[in-house]
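Read off the chains here:
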Amino acid sequence: MSEVVHTVSGQVAYLTLNRPEAMNAITPDQRDHLIALLTGASADPSIRAVVLTGTGRGFCAGADLRGGATATGERVAGDVARTIRLGAQRLIAAVLDCEKPVIAAVNGTAAGLGAHLALACDLVLAAESARFIEVFVRRGLVPDGGGAYLLPRLIGPQRAKELMFFGDALTASDAERLGLVNRVVPDGELEKTAREWAQRLAAGPTRALALTKQLVNASLDSDRTTAFAAEAAAQEINMTTQDAQEGVASFVERRSPEYQGR
(Lines give C-alpha, C1' and ligand atoms only; values in the text may rest on other atoms or scores of the structure.)
Protein backbone atom coordinates (compact mmCIF):
# COMPACT_ATOMS: atom_id res chain seq x y z
CA MET A 1 0.00 0.00 0.00
CA SER A 2 1.04 3.59 -0.57
CA GLU A 3 2.88 5.34 2.26
CA VAL A 4 0.56 8.30 1.63
CA VAL A 5 -3.04 7.33 0.94
CA HIS A 6 -4.72 9.91 -1.28
CA THR A 7 -8.49 9.97 -1.67
CA VAL A 8 -10.96 12.61 -2.80
CA SER A 9 -14.53 12.92 -1.57
CA GLY A 10 -16.90 15.85 -1.92
CA GLN A 11 -14.19 18.21 -3.25
CA VAL A 12 -12.01 17.40 -0.24
CA ALA A 13 -8.58 15.77 -0.64
CA TYR A 14 -7.68 13.39 2.20
CA LEU A 15 -3.95 12.78 2.65
CA THR A 16 -3.22 9.99 5.12
CA LEU A 17 0.28 9.11 6.28
CA ASN A 18 0.37 5.33 6.17
CA ARG A 19 3.39 3.88 7.96
CA PRO A 20 1.74 2.88 11.24
CA GLU A 21 4.57 0.47 12.10
CA ALA A 22 6.90 3.51 12.27
CA MET A 23 4.37 5.89 13.88
CA ASN A 24 4.21 7.52 10.43
CA ALA A 25 7.76 8.83 10.60
CA ILE A 26 8.37 10.50 7.24
CA THR A 27 10.84 9.12 4.72
CA PRO A 28 12.28 11.35 1.97
CA ASP A 29 10.14 9.64 -0.68
CA GLN A 30 7.03 10.00 1.46
CA ARG A 31 7.82 13.67 2.09
CA ASP A 32 8.25 14.36 -1.64
CA HIS A 33 4.98 12.55 -2.41
CA LEU A 34 3.16 14.62 0.20
CA ILE A 35 4.59 17.84 -1.22
CA ALA A 36 3.46 16.84 -4.71
CA LEU A 37 -0.06 16.06 -3.47
CA LEU A 38 -0.33 19.39 -1.62
CA THR A 39 0.94 21.26 -4.67
CA GLY A 40 -1.55 19.42 -6.85
CA ALA A 41 -4.44 20.14 -4.50
CA SER A 42 -3.47 23.81 -4.45
CA ALA A 43 -3.71 24.07 -8.23
CA ASP A 44 -6.74 21.82 -8.78
CA PRO A 45 -10.00 23.83 -8.94
CA SER A 46 -12.00 20.69 -8.13
CA ILE A 47 -10.29 20.45 -4.71
CA ARG A 48 -11.54 23.00 -2.21
CA ALA A 49 -10.16 21.70 1.12
CA VAL A 50 -7.50 19.28 2.36
CA VAL A 51 -7.41 17.00 5.40
CA LEU A 52 -4.08 15.66 6.64
CA THR A 53 -4.07 12.74 9.09
CA GLY A 54 -2.33 9.46 9.91
CA THR A 55 -3.06 5.80 10.48
CA GLY A 56 -2.51 3.87 13.70
CA ARG A 57 -1.33 5.36 16.98
CA GLY A 58 0.73 8.17 15.51
CA PHE A 59 -0.01 11.24 13.44
CA CYS A 60 3.67 11.61 12.58
CA ALA A 61 6.74 10.82 14.69
CA GLY A 62 8.89 13.22 12.67
CA ALA A 63 11.55 12.51 10.07
CA ASP A 64 12.55 8.86 9.77
CA LEU A 65 16.15 9.03 10.98
CA ARG A 66 16.56 5.28 10.49
CA GLY A 67 15.31 5.24 6.94
CA GLY A 68 17.89 7.51 5.35
CA ALA A 69 21.23 6.64 3.86
CA THR A 70 24.21 6.56 6.18
CA ALA A 71 26.87 9.14 5.43
CA THR A 72 30.01 7.40 4.26
CA GLY A 73 32.28 10.31 3.38
CA GLU A 74 33.38 13.57 4.92
CA ARG A 75 30.53 16.03 5.36
CA VAL A 76 30.93 19.12 3.21
CA ALA A 77 29.97 22.52 4.57
CA GLY A 78 26.45 23.33 3.44
CA ASP A 79 25.25 19.71 3.21
CA VAL A 80 23.07 19.84 6.32
CA ALA A 81 21.58 23.26 5.53
CA ARG A 82 20.78 22.11 2.01
CA THR A 83 19.12 18.93 3.28
CA ILE A 84 16.93 20.89 5.69
CA ARG A 85 16.07 23.54 3.13
CA LEU A 86 15.08 21.05 0.44
CA GLY A 87 13.47 18.61 2.87
CA ALA A 88 11.66 19.58 6.07
CA GLN A 89 11.35 23.27 5.23
CA ARG A 90 9.97 22.52 1.77
CA LEU A 91 7.30 20.26 3.30
CA ILE A 92 6.15 22.88 5.81
CA ALA A 93 6.15 25.54 3.09
CA ALA A 94 3.91 23.32 0.94
CA VAL A 95 1.30 23.37 3.73
CA LEU A 96 1.62 27.09 4.44
CA ASP A 97 1.51 27.97 0.73
CA CYS A 98 -1.33 25.64 -0.23
CA GLU A 99 -4.13 27.76 -1.69
CA LYS A 100 -6.78 25.55 -0.11
CA PRO A 101 -7.52 25.40 3.64
CA VAL A 102 -5.66 22.49 5.25
CA ILE A 103 -7.01 20.72 8.34
CA ALA A 104 -4.76 18.58 10.51
CA ALA A 105 -6.66 15.70 12.11
CA VAL A 106 -4.10 14.67 14.72
CA ASN A 107 -4.94 11.08 15.62
CA GLY A 108 -1.98 10.35 17.88
CA THR A 109 1.59 11.40 18.63
CA ALA A 110 2.89 14.38 16.64
CA ALA A 111 6.59 14.72 17.39
CA GLY A 112 9.36 16.87 15.95
CA LEU A 113 8.71 17.54 12.27
CA GLY A 114 5.36 15.79 12.75
CA ALA A 115 4.30 18.39 15.30
CA HIS A 116 5.36 21.20 12.98
CA LEU A 117 3.50 19.56 10.10
CA ALA A 118 0.31 19.71 12.16
CA LEU A 119 0.91 23.25 13.43
CA ALA A 120 1.52 24.55 9.91
CA CYS A 121 -2.04 23.58 8.99
CA ASP A 122 -4.76 26.22 9.01
CA LEU A 123 -6.95 24.38 11.51
CA VAL A 124 -5.90 21.68 13.97
CA LEU A 125 -8.26 19.03 15.34
CA ALA A 126 -6.81 16.64 17.91
CA ALA A 127 -8.03 13.36 19.30
CA GLU A 128 -7.99 13.15 23.09
CA SER A 129 -5.10 10.66 22.88
CA ALA A 130 -2.95 12.98 20.74
CA ARG A 131 0.39 14.24 22.04
CA PHE A 132 2.64 17.03 20.76
CA ILE A 133 6.37 16.73 21.45
CA GLU A 134 9.24 19.05 20.56
CA VAL A 135 11.51 16.05 20.58
CA PHE A 136 14.63 17.67 19.11
CA VAL A 137 16.28 18.53 22.43
CA ARG A 138 16.05 14.87 23.47
CA ARG A 139 18.32 14.02 20.52
CA GLY A 140 20.66 16.97 20.98
CA LEU A 141 19.27 18.63 17.87
CA VAL A 142 18.06 22.09 16.88
CA PRO A 143 14.37 22.25 15.86
CA ASP A 144 13.79 22.11 12.12
CA GLY A 145 10.79 22.19 9.83
CA GLY A 146 10.04 25.80 10.74
CA GLY A 147 9.40 25.10 14.41
CA ALA A 148 11.21 28.16 15.70
CA TYR A 149 9.17 30.21 13.24
CA LEU A 150 5.77 28.65 13.87
CA LEU A 151 5.67 28.19 17.65
CA PRO A 152 6.47 31.76 18.78
CA ARG A 153 3.81 33.05 16.41
CA LEU A 154 1.24 30.66 17.87
CA ILE A 155 2.00 30.85 21.59
CA GLY A 156 4.73 33.48 22.11
CA PRO A 157 8.49 33.10 22.61
CA GLN A 158 8.47 32.12 26.30
CA ARG A 159 6.06 29.21 25.88
CA ALA A 160 7.83 28.16 22.69
CA LYS A 161 11.17 28.04 24.49
CA GLU A 162 9.66 26.02 27.33
CA LEU A 163 8.42 23.37 24.92
CA MET A 164 11.64 23.33 22.91
CA PHE A 165 14.07 23.47 25.85
CA PHE A 166 12.47 20.61 27.82
CA GLY A 167 10.93 18.46 25.09
CA ASP A 168 8.08 17.34 27.35
CA ALA A 169 5.01 15.70 25.83
CA LEU A 170 2.05 18.07 25.62
CA THR A 171 -1.40 16.53 25.95
CA ALA A 172 -4.13 17.43 23.50
CA SER A 173 -6.03 19.36 26.17
CA ASP A 174 -2.92 21.34 27.15
CA ALA A 175 -2.23 22.06 23.48
CA GLU A 176 -5.77 23.39 23.15
CA ARG A 177 -5.35 25.52 26.27
CA LEU A 178 -2.16 27.07 24.84
CA GLY A 179 -3.82 27.78 21.50
CA LEU A 180 -1.98 25.20 19.39
CA VAL A 181 -5.18 23.22 18.74
CA ASN A 182 -8.59 24.49 17.65
CA ARG A 183 -10.58 21.65 19.19
CA VAL A 184 -10.06 18.35 21.03
CA VAL A 185 -12.55 15.56 20.33
CA PRO A 186 -12.93 11.96 21.49
CA ASP A 187 -10.78 9.60 19.43
CA GLY A 188 -13.81 8.00 17.81
CA GLU A 189 -15.15 11.36 16.60
CA LEU A 190 -11.96 12.75 15.01
CA GLU A 191 -12.59 11.49 11.48
CA LYS A 192 -16.24 12.59 11.54
CA THR A 193 -15.42 16.06 12.86
CA ALA A 194 -12.60 16.54 10.33
CA ARG A 195 -14.93 15.52 7.52
CA GLU A 196 -17.64 17.95 8.71
CA TRP A 197 -15.19 20.85 8.95
CA ALA A 198 -13.67 20.05 5.56
CA GLN A 199 -17.08 19.87 3.91
CA ARG A 200 -18.01 23.26 5.34
CA LEU A 201 -14.79 24.74 3.98
CA ALA A 202 -15.28 23.04 0.60
CA ALA A 203 -18.70 24.68 0.33
CA GLY A 204 -17.22 28.11 0.99
CA PRO A 205 -15.78 30.81 -1.28
CA THR A 206 -12.49 29.07 -2.11
CA ARG A 207 -10.58 32.05 -3.52
CA ALA A 208 -11.66 34.29 -0.66
CA LEU A 209 -10.39 31.65 1.79
CA ALA A 210 -7.08 31.42 -0.08
CA LEU A 211 -6.59 35.17 0.05
CA THR A 212 -7.60 35.27 3.72
CA LYS A 213 -5.06 32.55 4.50
CA GLN A 214 -2.39 34.49 2.65
CA LEU A 215 -3.17 37.70 4.54
CA VAL A 216 -3.18 36.06 7.97
CA ASN A 217 0.01 34.08 7.35
CA ALA A 218 1.83 37.21 6.20
CA SER A 219 0.45 39.53 8.87
CA LEU A 220 2.91 38.68 11.64
CA ASP A 221 5.84 39.51 9.38
CA SER A 222 4.35 42.80 8.13
CA ASP A 223 4.06 46.35 9.40
CA ARG A 224 0.66 48.01 9.37
CA THR A 225 1.21 49.84 6.08
CA THR A 226 2.25 46.67 4.28
CA ALA A 227 -0.58 44.65 5.82
CA PHE A 228 -3.20 47.24 4.86
CA ALA A 229 -1.87 47.43 1.30
CA ALA A 230 -2.00 43.62 1.03
CA GLU A 231 -5.57 43.64 2.37
CA ALA A 232 -6.68 46.20 -0.20
CA ALA A 233 -5.00 44.23 -3.02
CA ALA A 234 -6.67 41.01 -1.84
CA GLN A 235 -10.05 42.73 -1.83
CA GLU A 236 -9.45 44.00 -5.36
CA ILE A 237 -8.57 40.51 -6.59
CA ASN A 238 -11.39 38.79 -4.75
CA MET A 239 -14.09 41.11 -6.07
CA THR A 240 -13.40 39.77 -9.57
CA THR A 241 -14.41 36.22 -8.53
CA GLN A 242 -17.75 34.60 -9.22
CA ASP A 243 -18.09 33.64 -5.56
CA ALA A 244 -17.79 37.25 -4.39
CA GLN A 245 -20.48 38.29 -6.83
CA GLU A 246 -22.65 35.38 -5.68
CA GLY A 247 -22.12 36.31 -2.04
CA VAL A 248 -23.26 39.91 -2.60
CA ALA A 249 -26.18 38.84 -4.81
CA SER A 250 -27.39 36.28 -2.27
CA PHE A 251 -27.31 38.91 0.48
CA VAL A 252 -29.34 41.34 -1.61
CA GLU A 253 -31.78 38.59 -2.63
CA ARG A 254 -32.02 37.25 0.94
CA ARG A 255 -31.04 33.67 0.13
CA SER A 256 -28.21 31.30 1.02
CA PRO A 257 -25.17 31.63 -1.25
CA GLU A 258 -24.11 28.79 -3.53
CA TYR A 259 -20.36 29.07 -3.96
CA GLN A 260 -18.60 27.29 -6.80
CA GLY A 261 -14.99 27.90 -5.76
CA ARG A 262 -14.33 30.27 -8.65
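Analysis parameters
Residues numbered from 1 in each chain as written. Predicted model: local features only at pLDDT ≥ 70, side-chain atom pairs only at ≥ 80, totals over all residues. Heavy atoms only, no water. Helix = DSSP H or I, 4+ residues; strand = E, 2+ residues; numbered from the N terminus. Buried < 20%, exposed > 50% of the residue type's maximum accessible area, 1.4 Å probe, protein only. Contact = heavy atoms within 4.5 Å. Polar contact = N/O pair within 3.5 Å; in protein donor to acceptor, adjacent residues only side chain to side chain. Axes fitted to C-alpha atoms, helices over the stretch in contact; angles between N-to-C directions. Parallel < 35°, antiparallel > 145°, perpendicular 65-115°, else oblique. Left-handed = near helix turned anticlockwise from the far one by under 90°. Nonpolar A, V, L, I, M, F, W, Y, C, P; charged D, E, K, R; others polar. Pairing = 2+ DSSP bridges.

Checked against the element boundaries, Y14 lands in strand β2 (residues 12-17). Take Y14: its relative accessible area is 9%, and that puts it in the buried class. For the pair formed by Y14 and V50, sequence separation is 36 residues and the distance between their alpha carbons is 5.9 Å. When sequence neighbours within four positions are dropped, the list of residues in contact with Y14 reads V5, H6, T7, S9, V51, R195 and A198. Only 3.3 Å separates the side chain of Y14 from the side chain of R195, close enough to count as a polar contact.

Once that is clear, we can look at the packing of helix α1 (residues 28-43) against helix α3 (residues 88-97). Viewed as axis vectors pointing N to C, α1 and α3 meet at an angle of 20°, and their least axial separation amounts to 9 Å. When the interaxial angle is binned, α1 and α3 end up roughly parallel. Here α1 runs over α3; the crossing is left-handed. Mapping the contact onto sequence places R31, D32, L34, I35, L38 and S42 in α1 and A88, R90, L91, A94, V95 and D97 in α3. Each residue belonging to the contact of α1 with α3 can be placed in one class, and the counts come to 7 nonpolar, 1 polar and 4 charged.

Let us now look at the sheet that holds strand β1 (residues 4-9). Taken together, the 6 strands give an open sheet; going across it, the order is β1-β2-β3-β5-β7-β10, and neighbouring strands pair in mixed fashion. Each edge of the open sheet is held by one strand with a lone partner, namely β1 and β10 (183-185). On average, each strand axis in the sheet is tilted by 20° relative to the strand beside it, whichever way the strands run. For β2 and strand β3 (residues 49-54), the ladder comprises 6 bridges, and the chain directions are parallel. Bridge assignment links T16 to a residue of β3, and that residue is T53.

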